[in-house]
Protein chains: 6
Amino acid sequence: MIQGKTLLVFSAHAADYVWRSGGTIAKYVQEGAEVQVVVLSFGVRGESNDLWKKPGATEDLVKAARKAETVAAAGILGVEWIEFWDLQDYPLQVDAILEERVVRKIREVAPDYIITHDRFDILNPDHNTVSQLIFRCSVMSNSNGVKLEGTQTTRQMQLFGFEPHQTELSGYQPGIFVDITDTYEKKVEAMNCFKAQSHLIEYYTQRAFMRGNHARRLSGRQEYKYAESFSRFFPVVSPELL
Amino acid sequence: MIQGKTLLVFSAHAADYVWRSGGTIAKYVQEGAEVQVVVLSFGVRGESNDLWKKPGATEDLVKAARKAETVAAAGILGVEWIEFWDLQDYPLQVDAILEERVVRKIREVAPDYIITHDRFDILNPDHNTVSQLIFRCSVMSNSNGVKLEGTQTTRQMQLFGFEPHQTELSGYQPGIFVDITDTYEKKVEAMNCFKAQSHLIEYYTQRAFMRGNHARRLSGRQEYKYAESFSRFFPVVSPELL
Amino acid sequence: MIQGKTLLVFSAHAADYVWRSGGTIAKYVQEGAEVQVVVLSFGVRGESNDLWKKPGATEDLVKAARKAETVAAAGILGVEWIEFWDLQDYPLQVDAILEERVVRKIREVAPDYIITHDRFDILNPDHNTVSQLIFRCSVMSNSNGVKLEGTQTTRQMQLFGFEPHQTELSGYQPGIFVDITDTYEKKVEAMNCFKAQSHLIEYYTQRAFMRGNHARRLSGRQEYKYAESFSRFFPVVSPELL
Amino acid sequence: MIQGKTLLVFSAHAADYVWRSGGTIAKYVQEGAEVQVVVLSFGVRGESNDLWKKPGATEDLVKAARKAETVAAAGILGVEWIEFWDLQDYPLQVDAILEERVVRKIREVAPDYIITHDRFDILNPDHNTVSQLIFRCSVMSNSNGVKLEGTQTTRQMQLFGFEPHQTELSGYQPGIFVDITDTYEKKVEAMNCFKAQSHLIEYYTQRAFMRGNHARRLSGRQEYKYAESFSRFFPVVSPELL
Amino acid sequence: MIQGKTLLVFSAHAADYVWRSGGTIAKYVQEGAEVQVVVLSFGVRGESNDLWKKPGATEDLVKAARKAETVAAAGILGVEWIEFWDLQDYPLQVDAILEERVVRKIREVAPDYIITHDRFDILNPDHNTVSQLIFRCSVMSNSNGVKLEGTQTTRQMQLFGFEPHQTELSGYQPGIFVDITDTYEKKVEAMNCFKAQSHLIEYYTQRAFMRGNHARRLSGRQEYKYAESFSRFFPVVSPELL
Amino acid sequence: MIQGKTLLVFSAHAADYVWRSGGTIAKYVQEGAEVQVVVLSFGVRGESNDLWKKPGATEDLVKAARKAETVAAAGILGVEWIEFWDLQDYPLQVDAILEERVVRKIREVAPDYIITHDRFDILNPDHNTVSQLIFRCSVMSNSNGVKLEGTQTTRQMQLFGFEPHQTELSGYQPGIFVDITDTYEKKVEAMNCFKAQSHLIEYYTQRAFMRGNHARRLSGRQEYKYAESFSRFFPVVSPELL
């Protein structure tokens, strides 16, 4: 049951959450879950190559463009709560203040599920930094000895990892395939907000098709047309076999 | 929902299915699933060391003792359908006739889930043989070009692997923890049918406690007291995050 | 330099070589290499699900259809030498006679490169059987103590592995990306011969796009639009860095 | 021969060394080795959940309780030298001053063996931090170019890793099983000092039973009733097979 | 203590045991252990390339040459009991008769240690076949339900694996380094019996130097000049840390 | 074609680049490539054990000796451009200033290939630090949003990793073998500049022989006498099979 669940997504750069979890996010919104997204950086230095090629590009202009794109995409996916922490990227750097901010955010939302970057990306050091940060902060958030005024200890939540761009080279292992057939169109529309990265739009459109093929093959459910996959940080715990 | 599901268990030797999945089997029976167990061998050569130490032990006597124990255990777990194929063990050998028999059995039962040995056991070659056999036959069963008179092609089912005895050395990775708090007592009682292996009774009693601890720690569900874990041959495919 | 090279492809079933190496094969033919393909089985039992759904399907009709498709595909790719060994599939079984036949074939062709199935496919036992068979026979072929009348010992050749269908779950690691931009159209046309498997046509069309994306990203060569990837059985040995 | 050996244990939190190496420590003390324990933090923030649930809990009270428990446990194990460095935990943070302190400690003790946390714990970032810290400092300690007034370069020592709580999920591989049958009772008594964590007392009591079972099975030595296992950072080097 | 130990070595081809364990064998003989060697094949087809290049080479001549070499080498190492089972190699094939013969041999010798091929060799299928055969038969030998007239069940022994020729590519992990400084000269002399493979003499002479370097580095024992390494099939079980 | 290629080598300590890539460097110089070497530290604390044993050794004297040795070695290899950044080692520490310096260097040279330390060295934390630093900076260098005055964004280059000293224990996998037969003598001469480390001279001389053996065995090219191997950070991307 999706209704009533709470989902918190941490995205290193402005578009990561759309490419890799846009269909799942839209589905959760549509079926009555609470979804919040935290965008840690706009990816100005590391993920805006096409914008920098425009004549007259400045950091401010690139950032504004990235923000406009991602706000539009979030709107299409139905995300009502999105935060931009506007950190520098490439490299994205972590200190104790940022750690506390993440712990506070997790405790404020008290999510059932966190989605963030998987534990290793062969080509993107920022993704690795964020993966470790969010994991570490989730552990702190769950520990009642970590006292932060105005916050309450959370209960152990499940963590899921985005597919990295080059999955095999990053040692990525799909742990779950989520059927996104019903929200696939929204995902495609949201991806189309990132006009400057048209090669990625096509890439992740095809990825949904490929993961749909896998989902059908592994489950025998012919109605699964499109899917997203995520790694699991922990195994399933359940009253029954799944 | 367990009710209405069909579960097929393949056990290399007489007691394997009790140590490693007795709680889950009892739960599935209790909650209205159909459960069938196939015991490929009585484990006369490889898993009856204590029985062979008795004066006057012969192959027939050992086999009879093993059969009596496992029938009793199945009764306690509530299993109504158990078959003994009475193959030789140590080594358990595979040929085309056995393969066809397994495919026929899978097609006859058309299970939602198959539970059998995981892909690698560092100390038990028979377990590895059975794991490969069942996997291969499940693929054949699902292929509609594999024609066997009187059978119907199955749909892709999920396969789960038993914990091997020495998990870390066998590279075992838990893929799911199933809460067995409600049937733990039955499992203990069933294990006690195998009197000649009292060290294993204690061992797998403790294992249920340990996996219960893990299940609580990973899920935050304090009501999970005892659990069994299984490896997954394939990832979860689902309409939602789990 | 492709011209003058000799390439030998072993395909477990009728269409495997097209989905996974059609672009590379067409390129090698086009640029003057000698290419030979051995199709071990028609995949009647395991890879013809759609054909079996046709009313009146028999083994002979399915086989004829598979043969017609793969002959047409080979023609489009420009393959002049293709052999059908017509073994049973699902399961494909190996004996000493088949081993000798493979060694003879390798010695007859004396290839620079062999392409066959990678070492592990999570869903296809036949692929694993063929991978081991071809590897083992390549070792025997290279040993001058393995005497087969009318044959000559070969020199160590490179072995490459096809992508399995579910790459991450099979532990597949790309070892080389081959640019197939120039022969991509031929590959698509050849895939279209397998009308009964239209979901795979789309799947492997997209795969060429995805691998092209990876090839560009890893090399910086913007002219690489489409690619195929293969695993390497052995590392590169070279007079220079590559 | 245990007599005359020197053993240095680094524990991230107050109780880690008891759960995971208490039997081995007691044995080494009992048989005449020199044993020193360094407790880096009291685990006030991360490993005192039960104490924080008591009404009126403050950091000072929790810390005092943790210290009293661990001092009592060390006494039961016979440890005469235990140090409390009282660092903050969750997260435990490393700087150059701490590194130097660790190097000084290692050089002062000049241990034959160091026991500390294994290289990966899936649920405890502090354990990972400490594992890397101790390894790095052991390398510096052994290098005679790392000059620290009043210290002498050490000789390469063996490093052993504690079992993490969730072994398989942490990729833990037992590298050695140490028989603790003679000191098992002391270990249980020492664990009972940590009253607030009774679920762990049972857990690690059972672990000694399980590892004893493995030790018997792998060695054929029926007299091994209880054991602890450790990972090895390096292989055995020996004048003979072991 | 080496004296009184029993060591059983299974070698796929005539020279494997010399290259990979000659120093350890000589040491065990010299220090009073009982050592037996079983050579499964002469390696006529797969490991006699240089002999086949001689004019007039026939299978009988090659075999005679291989036998003479390995008998001479065994003599230098001090091995008093060596058996030649004279199986065909490339491929070396296993059936139930061979399995029983291996079990009988293990039970007859009742070794403390078995040394044979490690679990994976990237370039030598026979080595992999033998590794699995010996492991499987050791399990059967230890099981008292496997009845073979005139034999007695063995106790669990340790199994060690030879270094494959290309260690990294075969995933080889050294589990123990055995100091062979005292018998290094004998090993070199024994290797020199295999005149037709002079490139391997130099190769394994250097290997002893390299492993000696590793052994010194990991242990700090400067007196270790030469060593052999072996993989471990199982961890160390011990009354103390090693 | 080596001529016209640009090669940039980052070496954690003074001699690392000679032991592990001296033959390849000499070959690239000899055949007309541009080669630059950056030595990050002189290895005064961690890799000068023998120099520190000399009476009267001070940091300045050790450093001067290390510099003289490595300058001499570079001269023999024909390296015209070598920089000494003179960082402290053991531990080698990274900050934002160093990161920028590395990015600037990469952009200034715009190399086709970077050679540096592989991703894991079991015994040398500095090597791991440098490996991560260089990889991270290569990503930043290639991103056109990372603005550094006076620099130009680079195109994706290939990264190769040095063999660590203990390859198997470090999980090292050779990705390419480079034939260094023609420059082997220069490499030996260059290694002989490091008189205080004679055990390493012999070690890496033998390593070239061993890798030459592997290169011949894997390629069948008998003219390859000596080789160096490197890991690959990324797969080969190529217009043809290699």
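What this report covers is the structure whose coordinates are included nearby. None of the values given here were measured: they were computed from a predicted structure. (Residues numbered from 1 in each chain as written. Chains lettered and ligands numbered in written order. Predicted model: local features only at pLDDT ≥ 70, side-chain atom pairs only at ≥ 80, totals over all residues. Heavy atoms only, no water.)

## So, the interface of chain C and chain F
- Of the residues lining the interface, 35 residues belong to chain C; the matching set on chain F comes to 35 residues.
- Interface area, chain C with chain F, both sides summed: about 3,300 Å², of which 60% is carbon and sulfur.
- Area buried by chain C at its contact with chain F is led by V237, L241 and L242 of chain C, which between them contribute 24% of it.
- Joining chain C to chain F, the criterion identifies zero salt bridges.
- On the surface where chain C and chain F come into contact, there are 20 residue pairs in polar contact (both at pLDDT 80 or more).
- Where the side of chain C that touches chain F is concerned, the elements lending two or more residues are α1 (16-30), β4 (113-117), β6 (176-179), α7 (198-219), β7 (227-232) and β8 (236-238) of chain C.
- A breakdown of the residues in the side of chain C that touches chain F according to their chemical character gives 22 nonpolar, six polar and seven charged.
- Here β8 of chain C pairs with strand β6 (residues 176-179) of chain F via three bridges, running parallel. Within β6 of chain F, the position partnered with S238 of chain C by the bridge is V178 of chain F. (Contact = heavy atoms within 4.5 Å. Buried area = accessible area lost by both parts, 1.4 Å probe. Salt bridge = Lys/Arg side-chain N within 4 Å of Asp/Glu carboxyl O. Polar contact = N/O pair within 3.5 Å; in protein donor to acceptor, adjacent residues only side chain to side chain. Helix = DSSP H or I, 4+ residues; strand = E, 2+ residues; numbered from the N terminus. Nonpolar A, V, L, I, M, F, W, Y, C, P; charged D, E, K, R; others polar. Pairing = 2+ DSSP bridges.)

## Looking at the relation of the copies chain F and chain D
- In screw terms, the move from chain F to chain D is a rotation of 120° and a rise of 0.0 Å along the axis, fitting with an RMSD of 0.0 Å. In short, the pair behaves as if placed about a three-fold rotation axis. Closest to the rotation axis within chain F is the C-alpha of D95 of chain F, separated from it by 7.7 Å. (Least-squares fit on C-alpha atoms with pLDDT ≥ 70 in both.)

## A word on the side chain of D126 of chain B
- Looking at the element boundaries, D126 of chain B is found in helix α5 (residues 125-141).
- Here D126 of chain B occupies a buried position and makes no salt bridge, while the nearest side chain of opposite charge, R136 of chain E, is found at 7.5 Å.
- If we skip the residues at most four places from it in the chain, D126 of chain B touches A12, H13, D89, Y90, P91 and L92 of chain B. (Buried < 20%, exposed > 50% of the residue type's maximum accessible area, 1.4 Å probe, protein only. Lys, Arg positive; Asp, Glu negative; His and termini not counted.)

## Section: the sheet that holds strand β6 (residues 176-179) of chain E
- Ordered by their spatial adjacency, eight strands build an open sheet running β8(D)-β6(E)-β7(E)-β5(E)-β4(E)-β1(E)-β2(E)-β3(E), and the pairing between neighbours is mixed. Edge positions in the open sheet fall to β8 (236-238) of chain D together with β3 (81-87) of chain E, since each of these has one partner strand only. With direction set aside, neighbouring strand axes in the sheet form an average angle of 25°.
- Pairing of β6 of chain E with strand β7 (residues 227-232) of chain E involves four bridges; the strand directions are antiparallel. Its bridge partner lying in β7 of chain E, V178 of chain E is registered against E228 of chain E. (Axes fitted to C-alpha atoms, helices over the stretch in contact; angles between N-to-C directions.)

## Topic: the packing of helix α6 (residues 184-191) of chain E against helix α7 (residues 198-219) of chain E
All names here are of chain E.
- The contact between α6 and α7 brings their axes to 10 Å, and the two run at 165°. Classified by the angle their axes make, α6 and α7 are roughly antiparallel. For the element pair α6 and α7, the recorded crossing hand is right-handed. On α7, the residues that touch Y184, V188 and M191 of α6 are I201, Y204, T205 and A208.
- Tallied by class, the residues present in the contact of α6 with α7 amount to six nonpolar, one polar and no charged. (Parallel < 35°, antiparallel > 145°, perpendicular 65-115°, else oblique. Left-handed = near helix turned anticlockwise from the far one by under 90°.)

## Here we look at the arrangement of the chains
- Separating chain C from chain D is a minimum C-alpha gap of 17 Å, and the two share no contact.
- The smallest C-alpha distance separating chain B from chain F is 17 Å, and no contact links them.

## Thoughts on the pattern of salt bridges
- Per the counting criterion, the structure on display carries 89 salt bridges over all chains.
- A salt bridge links K53 of chain E to D50 of chain E; the shortest N-O distance between them is 3.6 Å.
- Of the residues examined, K53 of chain E reaches a relative accessible area of 61% and is grouped as exposed.
- One salt bridge in this structure joins K187 of chain E and E228 of chain E, with 2.7 Å as the shortest N-O distance. Of the two residues, K187 of chain E sits in helix α6 while E228 of chain E sits in strand β7, which places them 41 residues apart along the sequence. Across the pair, exposure class does not vary: K187 of chain E and E228 of chain E are buried alike.
- What emerges from the salt-bridge pattern is a single network uniting E163, R207 and R211 of chain A together with E168 of chain C.

## With respect to the packing of aromatic side chains
- Scanning the model with the defined rule gives 41 aromatic pairs over all chains in all.
- Residues Y203 of chain B and Y204 of chain B carry aromatic rings whose centres are separated by 4.9 Å and whose planes lie at 70° to one another, so their mutual orientation is edge-to-face. The pair formed by Y203 of chain B and Y204 of chain B is uniform in burial state, with each residue classed as buried.
- Relative to Y113 of chain D, the ring of Y28 of chain D has its centre 6.5 Å away and its plane inclined at 90°; by these criteria the two rings are edge-to-face. Of this pair, Y28 of chain D sits in helix α1 (residues 16-30) while Y113 of chain D sits in strand β4 (residues 113-117), and the two are 85 residues apart along the sequence. Per residue, the accessibility class of Y28 of chain D equals that of Y113 of chain D, and both read buried.
- These aromatic residues form a ring-pair network of at least three members: W19, F194, Y203 and Y204 of chain A. (Phe/Tyr/Trp six-rings, centres within 6.5 Å; stacked < 30°, edge-to-face > 60°.)

## Here we look at the relation of the copies chain C and chain F
- Note on the copies: chain C fits chain F at an RMSD of 0.0 Å, the axial shift is 0.0 Å, and the rotation between them is 180°. The transformation just described matches what one would write down for a two-fold rotation axis.
- A shared binding surface is used by both copies, with 100% of the interface residues of chain C retained as interface residues in chain F.

## Points about the interface of chain F and chain D
- In this assembly, 14 residues from chain F lie in contact with 15 residues from chain D.
- Where chain F abuts chain D, roughly 1,200 Å² becomes buried across the two surfaces, and 67% of that area is made up of carbon and sulfur atoms.
- Here chain F is connected to chain D by three residue pairs in polar contact (both at pLDDT 80 or more).
- Split into classes, the residues belonging to the side of chain F that touches chain D amount to eight nonpolar, four polar and two charged.

## Overview of the environment of A65 of chain E
All names here are of chain E.
- Position of A65 among the secondary structure elements: in helix α3 (residues 59-77).
- Its relative accessible area of 26% is what places A65 among the partly exposed residues.
- Sequence separation between A65 and R207 is 142 residues, and the spatial gap between their C-alpha atoms is 25 Å.

## Some remarks on the sheet that holds strand β1 (residues 6-11) of chain B
- One open sheet accounts for eight strands, arranged β8(A)-β6(B)-β7(B)-β5(B)-β4(B)-β1(B)-β2(B)-β3(B); its pairing is mixed. Looking at strand neighbours, the two that pair on one side only are β8 (236-238) of chain A together with β3 (81-87) of chain B, the edges of this open sheet. On average, each strand axis in the sheet is tilted by 25° relative to the strand beside it, whichever way the strands run.
- As judged from the six bridges shared by β1 of chain B and strand β2 (residues 34-41) of chain B, these two strands associate in the parallel manner. The residue bridging L7 of chain B from the neighbouring strand is V35 of chain B, located in β2 of chain B.

## Some points on α3 of chain E
All names here are of chain E.
- If you check α3, its first and last C-alpha atoms are 27 Å apart, about what 19 residues at 1.5 Å a residue would give, namely 27 Å.
- Where α3 is concerned, the buried positions are V62, R66, E69, T70, A73, A74 and L77. Looking straight down α3, one finds its buried side chains confined to an arc of 135°; they lie on one side. Across α3 from its buried face, at more than 90 degrees, point the exposed residues D60 and L61.
- Contact partners of the buried residues in α3: α1 (16-30), α2 (49-52), β3 and α6.
- A positive phi of about 90° marks G78, the residue just after α3. (Expected span 1.5 Å × (residues − 1). Arc of directions from axis to C-beta.)

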